[in-house]
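Summary of structural features
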Amino acid sequence: MPTAERIRREHSATALDAAERARLERAFTVPRARFLLGVPVALAILYWSMVGADFDVAKLGEGAVNMGDFLTRLFPPSWDKLDVIVAQLVETLQMAIVGSVLGAVLSLFMAFGAASNIAPGWVYYPCRWTMNVIRSLPDLVFALMFVSAVGLGPFAGILAMTVGSVGSIGKVFAEAMESVDTGPVTAMEAVGASRRQVVQYGVLPQAGPLLVSYSLLLFEGNVRGATILGMVGAGGIGLELTTAMKMYDYGHLSAIVICIIVLVTVIDQASAVIRRKIT
Amino acid sequence: MTVTAASTSTTTSSPVTSGPTPGALVTVRDLQVSYGAGPLVLDGVDLDLYPGETVALLGSSGSGKSTLMRCLTGFAPISSGTVQVSGHELTSLRRSRLRDLRASVGQVFQQFNLVGRLSVLTNVLTGALHRAGPINAVGGFTSADRRRAMELLDRVGIAHKATVQARTLSGGQQQRVAIARALMQRPQVVLADEPVASLDPKMSHAVLDLLRQIAREDGIPVLVSLHVLPLALEHSDRIVGLRHGRMLVSAPTADLDADRLEVLYADGTEEADGAHR
């Protein structure tokens, strides 16, 4: 059979129907019915949520004067207790470092169990459920729990951060492992590698950059999170921040906020540089 | 002398007996494969692979080429029949023994399947994972393995790239690394599933030359599935052909030409056009 005729016959068997073809060839594609239906439904859900949550832009406008007044009182910042702020920030950073490292390591092990391409079903589901439970609880709850267990101070904060990290970052670690290219994994199985070797040489090198990137994101989040954990006595700059607010010490509060912003910005920039290097 | 199911094709070949053929490293008899309750993907396939020969496996997409390859390493569900590799009946092997068997079968893939972020040397070393020993628990390989990996990189002509990440190499270079990885296994047979489908013609000839050279020098059979008839005719000692899961052709390459292989593509699939390019 001549090639051209063969192609025509094959094409006629698999061709799009005329209406679909005409739709694809139009300069401006008419949205599909499901899109036209979906947009109003999404808008309706958004409106329902705004009403339910008392979202009111007018009220924000009315309160702008008070907000401006609050911001005015923050200036000038008072640097009298800079040494205290720096000491607390260093403690916050230390908490975040330890909490993030422990959290990332635990998350990695949890992720091995929660990745469907690595773990058998009897390991996969318990790991996923455990992470879901952890993720559904706010870090503040863990902080209160650990404060009651080990007392006030940064140790409780570190434990809260570590456990909280497993819920959040463990899931993304597992998904990073699940999304690796299956080709190298197949190749590892083909050379007779053990399951550990398949993960070590087929999965981790591919998922590595994402895992490091997520770990840095976890660290950034934990630095910010540590400022909140301090409010319940779990160490870090949070306690100093809360005290300054309660004492209406706006100058000190302003200095604390500025220092936090500087720290978070520096960490963010450093993380960005590291991410660029590894990806 | 005939292995053909199609009335239109009459192709000479070695006789196929019911048991293992003396001297054959791979023996497949009356192999049937189906996925679930689906139709047979392979239907009564017989195949022998002998030391030192390069066998081209032809057939259009869906003819069962890849499934046959997967059967030889225990990755496909065998419904009935026997598959013997180096004297071991694959269908009766336990999981741990199956890993041993896979380690003795070098595989080369269409998309190379290298770990792009690992160095070329480490990619080759992964071929030794099965016998890497305790040192590998901490990510290491023995000096002997490293020396052999470098020798293999010399052999495939890419030792100067040993330290670079595999993803930075061209397609042809990556396929050479993949071949070195397969050789690192000290394989008793090499299976190459469309190894040149992603390469330009020049690279295709180079890679197939290399595979044939390996078969001859190392005295191992190399089974290569291909889509392009001229490549198969130029770079193989024997050609076997599948159509709809049945083996229609099995004959020395010298006895075949493109016209006699037309039967494999008689359905008028796209591959038939490509095959004649």
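Residues numbered from 1 in each chain as written. Chains lettered and ligands numbered in written order. Predicted model: local features only at pLDDT ≥ 70, side-chain atom pairs only at ≥ 80, totals over all residues. Heavy atoms only, no water.

**Description of the overall build of chain A**
A count of helices and strands for chain A gives 13 helices and zero strands. Ordered by position from the N terminus, the helices and strands of chain A form the series α-α-α-α-α-α-α-α-α-α-α-α-α. Its C-alpha atoms give chain A a radius of gyration of 27 Å, more than 25% over the compact-globule value 19 Å for 279 residues. On the principal axes, the C-alpha backbone points of chain A span a range of 90 × 60 × 35 Å. Carbon together with sulfur atoms contributes 70% to the accessible area of chain A, which is approximately 16100 Å² in total. (Helix = DSSP H or I, 4+ residues; strand = E, 2+ residues; numbered from the N terminus. Rg over C-alpha atoms; globule rule 2.2 N^0.38 Å. Areas by Shrake-Rupley, 256 points an atom, 1.4 Å probe, with all protein chains shown as cover.)

**Details of the side chain of S63 of chain B**
Inspection of the secondary structure puts S63 of chain B in the loop between β3 (54-58) and α1 (65-71). With residues near it in sequence (within four places) discarded, S63 of chain B still touches V41, L242, R243, H244 and G245 of chain B. (Contact = heavy atoms within 4.5 Å.)

**Let's talk about the domain arrangement of chain A**
Partitioning chain A into domains gives domain 1 (3-62) and domain 2 (76-278). If you average the C-alpha positions of domain 1 of chain A and of domain 2 of chain A, the two centres end up 38 Å apart. (Domains from an automatic or database assignment.)

**A short note on the UniProt feature "domain: ABC transmembrane type-1" (unreviewed entry) in chain A**
Listed under "domain: ABC transmembrane type-1" (unreviewed entry) in the UniProt record, and renumbered for this structure, are residues 89-271 of chain A. This span, residues 89-271 of chain A, is 85% helix and 0% strand, and a straight line between its end C-alpha atoms measures 18 Å. (UniProt positions renumbered as here; feature names shortened; annotations may be inferred.)

**Observations concerning unusual backbone geometry**
For the bond running from F75 of chain A to P76 of chain A, omega is 0°, close enough to zero to count as cis. Within the secondary structure layout, P76 of chain A lies in the loop between α5 (64-73) and α6 (82-114). Positive phi outside glycine occurs at S86 of chain B, with the angle close to 50°. Among the structural elements, S86 of chain B can be located in the loop between β4 (78-85) and β5 (88-89). According to the relative accessible area criterion, S86 of chain B is partly exposed, its value standing at 23%. Notably, E194 of chain B is not glycine yet its phi reads approximately 45°, a positive angle. The residue E194 of chain B is located in the loop between β7 (189-193) and α6 (201-218) in this model. (Buried < 20%, exposed > 50% of the residue type's maximum accessible area, 1.4 Å probe, protein only.)

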